[in-house]
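As a plain string of letters, each chain reads:
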Amino acid sequence: MHPRARLVVILSSLVLTVCAALTWGPAQGATAPQAATAPASGVGVSTTPGLPEQAASDLYTVDVDGKRPSVYRSEPKERTCSSANCDGGDRARADRRSFNWASFRFGGGTRPVVTVTKTSSAAGVPSDIRVRGTGRHTVLEKDLDRRRIRIRVEQPDARLSVEFLDSRYVADRQFPLDAMLLFADDAAPAVPAPSRSAPGTYVVPARASFDRRRAASAETVVFARGVHDLGYWEVPESVRRVHLAPGAYVRGAVDSATPAKVRQKGFTVTGFGVLSGERFDWRADKRTGGATSCSYDCWEHTVKMVQLGTDGFRLHDVTVVNAPHWTISGHRDDQITAVADDESRFGGTVEGVKVLGNWGWNGDGIPALPGTTISDCFISAFDDAVKLYSSRATVRDNTLWQMDNGAVFQLGWYGKTISDVTVSDNTVLHAEWTGTNSNWGLLNYEENGGSGTISDVTVSGTRVMGPVTRIVALSNQEASQSFRNIRLEDTTVDKLFTTAEIQRLSGNGDKRLPRNLVHQSRAPLQLTVSDLRIGGTRITGDNAAGTGGFSLRGAPALVFE
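Residues numbered from 1 in each chain as written. Predicted model: local features only at pLDDT ≥ 70, side-chain atom pairs only at ≥ 80, totals over all residues. Heavy atoms only, no water.

K.L.:
I tried to follow the overall build of the chain on my own but got confused; where do I start?
P.N.:
In terms of helices and strands, the chain carries five helices and 44 strands. By the compact-globule yardstick of 24 Å for 561 residues, the chain fits well, its C-alpha radius of gyration being 23 Å. Here the C-alpha coordinates of the chain stretch approximately 65 × 65 × 45 Å along the principal axes. A total of 561 residues make up the chain; the buried ones form 62% of that total. Put simply, of all contacts in the chain between residues at least 6 apart along the chain, 69% involve residues at least 24 apart. Accessible area of the chain: about 20200 Å², with a carbon and sulfur share of 48%. The chain carries 64 positive and 61 negative side-chain charges, and their two centres are separated by 3 Å. (Helix = DSSP H or I, 4+ residues; strand = E, 2+ residues; numbered from the N terminus. Rg over C-alpha atoms; globule rule 2.2 N^0.38 Å. Buried < 20%, exposed > 50% of the residue type's maximum accessible area, 1.4 Å probe, protein only. Contact = heavy atoms within 4.5 Å. Areas by Shrake-Rupley, 256 points an atom, 1.4 Å probe, with all protein chains shown as cover. Lys, Arg positive; Asp, Glu negative; His and termini not counted. Charge placed at Lys NZ, Arg CZ, Asp CG, Glu CD.)

Set out below in structure tokens:
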């Protein structure tokens, strides 16, 4: 048989029932014989009729139990600022990067079989096809000659990255230049879809002009399946819910952080549709409705994809892509400053949201607002993925893909007093850092003035796949920021790049700082590292400087358990 012929590995039914929740290659991803599977009546797929050419993938097709979802695509836009790499995206443009994804839904008792085919042959025949991700799944078959893989998804809420090891795969950093993501959701979401016939509901048909006057008298706005041109929209006070139906592709941004809605409770954004900022240039200025961009970092005026600005909010299931600046924010614009953080007033739930296709500086993910829970989300950010800026926040069971900028869990950028933050059981599929910039790392604080006490923060159960340049960077050498009872627990990292390897990486990274640093000077700094494993080796006080790559300055209370 030809060495690249179909690969089928037969496993016993016992192995199939105990397949690992996280799959990385054949070692963890169970493979099984091909079996005929009748289409499951409980499977729904997202399809968008009339999807614009630039938003439709020409690299992949996906079949879910005989149903064909739309395969969407995000790729970097041409640079709109004047100088080289002024938006941070020149490398992604040179590499012709893309994120491709498909979405489907099913209920308990259904186990859909998904076939992913890489239709483009330009990258050659892959040497392997691997699946990274979260959620129980089983690899049934790999056909390398046909560039095809079959996967059975065992339960909803899976977030899977299907990776073809071909000429478009960066082997030393272990990530594909053309990502292919599968988002498998529960057919019964936590917040059900609204009734379209209820009084006060404005259903926006596909390709119809969005009637802002009609929306101003509605309580619920539903975008039906198909393509919509919304633009920048300040949500009227009357509107308490915005819903994107499966297959809705809405080009625009939703801003509920207006003075008129500041006292509103329970603003809700839901649906399995897509909200895309593709028509906004980088740093689009909301003062012109996003038609022009700021020539400076006008963060107080930029278009944010979803701007909440109300308490008791619910942001569930929506896919948010192509952000021109911050992706999701709780701020009101008149309160966005380093010292007067209006996000301290707002909390809610963020569940099942997908954030990807961010290609420029300030492409942050999701802020953990006070009392807020962020769960079961997929976040790929080109800046800080999750901002831990508020007290009583919970971040759990999320899947992350960090681009070449920012931190995964960011405690910076300014002095603050917060406490009681819990981050647990999150998975980092990739961290693309090419250096050790001061604001990068799995857990980071970027000094930027101010003072305060960050206390009782626990980051536990994090699985970091592939190689990374840094795990932790906490420092208060320039700012009087105290850190008390900060815990990094049960962290597994596949590989920490050596200093020499980092020097050879090409991208946005600065190479001058140590890999893992704990530098204390102006205030107390307490950090406990418990059960940190790098490449299978447990890090202790004895090997922290060597295998662990830790650099200590001052007298931090650093303890390894």
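So much for the structure itself; the text now carries on.
K.L.:
Quick question: what am I supposed to make of the sheet that holds strand 8 (residues 148-153) here?
P.N.:
In a beta sheet, neighbouring strands pair by backbone hydrogen bonds and run either parallel or antiparallel. Strands sit in the order 2-5-8-7 across an open sheet of four strands; the sheet is antiparallel. Each of the sheet's edge strands pairs with one partner strand only, and the pair in question is strand 2 (60-64) and strand 7 (137-143). Looking at each pair of strands side by side, their axes are set apart by 20° on average, direction ignored. Here six bridges tie strand 7 to strand 8, and the two strands are oriented antiparallel to one another. Bridge assignment links K142 to a residue of strand 8, and that residue is I149. (Pairing = 2+ DSSP bridges. Axes fitted to C-alpha atoms, helices over the stretch in contact; angles between N-to-C directions.)

K.L.:
Can you help me understand the sheet that holds strand 35 (residues 441-444) in this one?
P.N.:
Read across the sheet, seven strands follow the order 26-29-32-35-38-40-43 without closing on themselves; strand pairing throughout is parallel. Sheet topology places strand 26 (366-367) and strand 43 (550-553) at the edges, where each strand pairs with a single neighbour.

K.L.:
Before we go on, may I ask you to explain the side chain of S475 in this structure?
P.N.:
On the secondary structure map, S475 appears in strand 38 (residues 472-475). In this structure the side chain of S475 is engaged in a polar contact, spanning 2.7 Å, whose partner is the side chain of E447. Residues within four places of S475 in sequence aside, it is in contact with Y445, E447, F483, L517, H519 and L525. (Polar contact = N/O pair within 3.5 Å; in protein donor to acceptor, adjacent residues only side chain to side chain.)

K.L.:
Mind showing me how you'd approach the state of the cysteines here?
P.N.:
Taken as a whole, this structure holds two disulfides when the rule is applied. The residue that forms a disulfide with C294 is C298, at a sulfur-sulfur distance of 1.8 Å. Taking the sign of the S-S torsion, about 85° here, the bridge from C294 to C298 comes out right-handed. On the accessibility criterion, C294 (12% relative accessible area) is buried. Relative accessible area serves as the criterion here: at 0%, C298 is assigned to the buried category. (Disulfide = S-S within 2.5 Å.)

K.L.:
How should I be thinking about the packing of aromatic side chains in this particular structure?
P.N.:
Two aromatic rings, taken as a pair, are described by how far apart their centres are and by the angle between their planes. In this structure the tally under the stated criterion is 14 aromatic pairs. Where Y60 meets F164, the ring centres are 5.8 Å apart and the plane angle is 45°; that geometry is what we call tilted. Placement of Y60 in strand 2 and of F164 in strand 9 (residues 158-164) is noted, with a sequence separation of 104 residues between them. Here Y72 and Y249 contribute two aromatic rings whose centre-to-centre distance is 6.1 Å and whose plane-to-plane angle is 5°, an arrangement assigned as stacked. (Phe/Tyr/Trp six-rings, centres within 6.5 Å; stacked < 30°, edge-to-face > 60°.)

K.L.:
Teacher, can you tell me more about the nonpolar core here?
P.N.:
One recurring pattern in soluble globular proteins: nonpolar side chains tend to sit buried together. In terms of nonpolar packing, the biggest core is built from 82 residues, with V221, F223, W233, V386 and F409 touching the most fellow members. Setting aside residues up to four positions removed in sequence, F409 forms contacts with V386, L388, V395, L400, V423, N426, G441, L442, L443, N444, V459 and T462. Grouped together as the second largest cluster of nonpolar side chains are 26 residues, L59, V71, V116 and I129 included. (Core = buried A, V, L, I, M, F, W, Y, C linked by side-chain atoms within 4.5 Å.)

K.L.:
Honestly, unusual backbone geometry in this entry has me stumped. Any pointers?
P.N.:
The bulk of non-glycine residues show a negative phi, and the bulk of peptide bonds are trans. Following G412, the chain continues into W413 via a peptide bond in cis, with omega recorded as 15°. Its location among the elements puts W413 in the loop between strand 32 (407-410) and strand 33 (418-424). Positive phi outside glycine occurs at R283, with the angle close to 60°. With a relative accessible area of 13%, R283 lands in the buried category. One non-glycine residue, D317, lies in positive phi territory at about 75°. Take D317: it is sitting in the loop between strand 21 (313-316) and strand 22 (319-321). Taking relative accessible area as the criterion, D317 reaches 9% and is therefore assigned buried.

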